[in-house]
Amino acid sequence: MSDAARLAELPVGGDWEFKIWFLDDNAMADAHVEIMDVPGTTDVITMAYLEEPEALFPGDMGLELLICVQFAEREGAERADSSYADEMMLYLVHGCLHAAGINDLTEDERKIMRRRESEVIAELKKNYVFSEIFP
């Protein structure tokens, strides 16, 4: 989804790879422990290799997002202002923003992350129907 990457201000001009892996709860829990040493499932894990995008060769991996489909299903069903498709797009955008260097560990960082998520999602909604991407 190059538009999400561009709107997140990632260096999209290069010839690097952007892969999204869609996982179930079990696979995400395994990845969460392996990558972050945190037990349990989560919504999205970002693995960005873009510190020096000019150093990437064509075809090198620049960004990988691990997105938990079952997490999105649960959150979309539980929240009145969301849906499965909305959650999936949120996780994609959230991961891109992390790759662009935006964190959400402190209250101030969370405010910035939420504002940027809203801005990027609003722009994406102008051109995409999320439920058609994630039926």
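To be clear, the structure that these remarks concern was listed above.
Residues numbered from 1 in each chain as written. Predicted model: local features only at pLDDT ≥ 70, side-chain atom pairs only at ≥ 80, totals over all residues. Heavy atoms only, no water.

Helix length check: helix H2 (residues 25-36) (twelve residues) gives 15 Å between terminal C-alpha atoms against 16 Å at 1.5 Å per residue, within 8%. Restricting attention to buried positions, one finds in H2 the residues Asp25, Met28, Ala31 and His32. For H2, the buried positions fall inside an angular range of 125° around the axis, keeping them on one side. In H2, those exposed residues whose orientation departs by more than 90 degrees from the buried face are Asn26, Asp30 and Glu34. The secondary structure elements touched by the buried residues of H2 are strand S1 (17-23), strand S2 (44-48), strand S3 (61-68) and helix H3 (69-78). Immediately downstream of H2, the backbone of aspartate 37 shows phi near 60°, a positive value. (Helix = DSSP H or I, 4+ residues; strand = E, 2+ residues; numbered from the N terminus. Expected span 1.5 Å × (residues − 1). Buried < 20%, exposed > 50% of the residue type's maximum accessible area, 1.4 Å probe, protein only. Arc of directions from axis to C-beta. Contact = heavy atoms within 4.5 Å.)

Considering only enclosed or pocket space, the largest pocket measures out at about 260 Å³ in volume. Around the largest pocket sit 13 residues that line it, and Met36, Val44, Ile45, Thr46 and His98 are the ones nearest its centre. When contributions to the lining of the largest pocket are tallied by element, the ones reaching two or more residues are H2, S2 and helix H4 (84-99). Considering each element in turn, the lining of the largest pocket owes the most residues, four residues, to S2. Of the residues assigned to the lining of the largest pocket, the class counts are six nonpolar, five polar and two charged. Estimates place the volume of the second largest pocket at around 160 Å³. Those elements giving two or more residues to the lining of the second largest pocket turn out to be H3, H4 and helix H5 (107-125). Sort the elements by how many residues they give to the lining of the second largest pocket and H4 lands first, with four residues. (1 Å grid on protein atoms, 1.4 Å probe; cavity = no way out; pocket = protein on both sides within 12 Å on 5 of 7 lines; lining within 4 Å. Points joined across faces, edges and corners; volume = space filled by probe spheres on them. Nonpolar A, V, L, I, M, F, W, Y, C, P; charged D, E, K, R; others polar.)

Mapping cysteine 96 onto the fold places it in helix H4. For the pair formed by cysteine 96 and leucine 56, sequence separation is 40 residues and the distance between their alpha carbons is 18 Å. Once you skip the residues sitting within four places of it in the chain, cysteine 96 turns out to touch Ala4, Ala5, Ala8, Leu10, Phe18, Leu63 and Leu65.

Moving on to the packing of H3 against H4. Axis angle and axis distance: for two packed helices, these are the angle between their axes and the distance between the axes, and together they describe the pair. Closest axis-to-axis distance for the H3/H4 pair is 8 Å, and the angle between their directions is 130°. In terms of their interaxial angle, H3 and H4 are classed as oblique. Both H3 and H4 take part in a crossing whose hand is right-handed. Together, Val69, Phe71, Ala72, Glu73, Glu75 and Gly76 of H3 and Tyr84, Glu87, Met88 and Tyr91 of H4 make up the contact between the two elements. (Axes fitted to C-alpha atoms, helices over the stretch in contact; angles between N-to-C directions. Parallel < 35°, antiparallel > 145°, perpendicular 65-115°, else oblique. Left-handed = near helix turned anticlockwise from the far one by under 90°.)

So, on to the nonpolar core. Core analysis: the biggest nonpolar cluster contains 30 residues, and Leu10, Cys96 and Leu124 have the highest contact counts within it. At ten residues, H4 tops the list of elements feeding residues into this core. Excluding residues within four positions of it along the chain, leucine 124 makes contact with Asp3, Ala4, Leu7, Met89, Val93 and Phe130. Formed by seven residues, the second largest nonpolar core is a distinct cluster that contains Ala31, Ile45, Met47 and Leu66. (Core = buried A, V, L, I, M, F, W, Y, C linked by side-chain atoms within 4.5 Å.)

Taken in spatial order, the three strands line up as S1-S3-S2 in an open sheet, and their pairing is mixed. The sheet terminates laterally at S1 and S2, the two strands that pair on one side only. The average undirected angle you get between the axes of adjacent strands in this sheet is 10°. Judged from the seven bridges that link them, S1 and S3 form a sheet pairing that is parallel. The residue of S3 that forms the bridge with phenylalanine 18 is leucine 63. Contacts from H2 reach S1, S2 and S3, with the element oriented near 45° to S2. Along the sheet, H3 makes contact with S1 and S3, crossing S3 at roughly 50°. (Pairing = 2+ DSSP bridges.)

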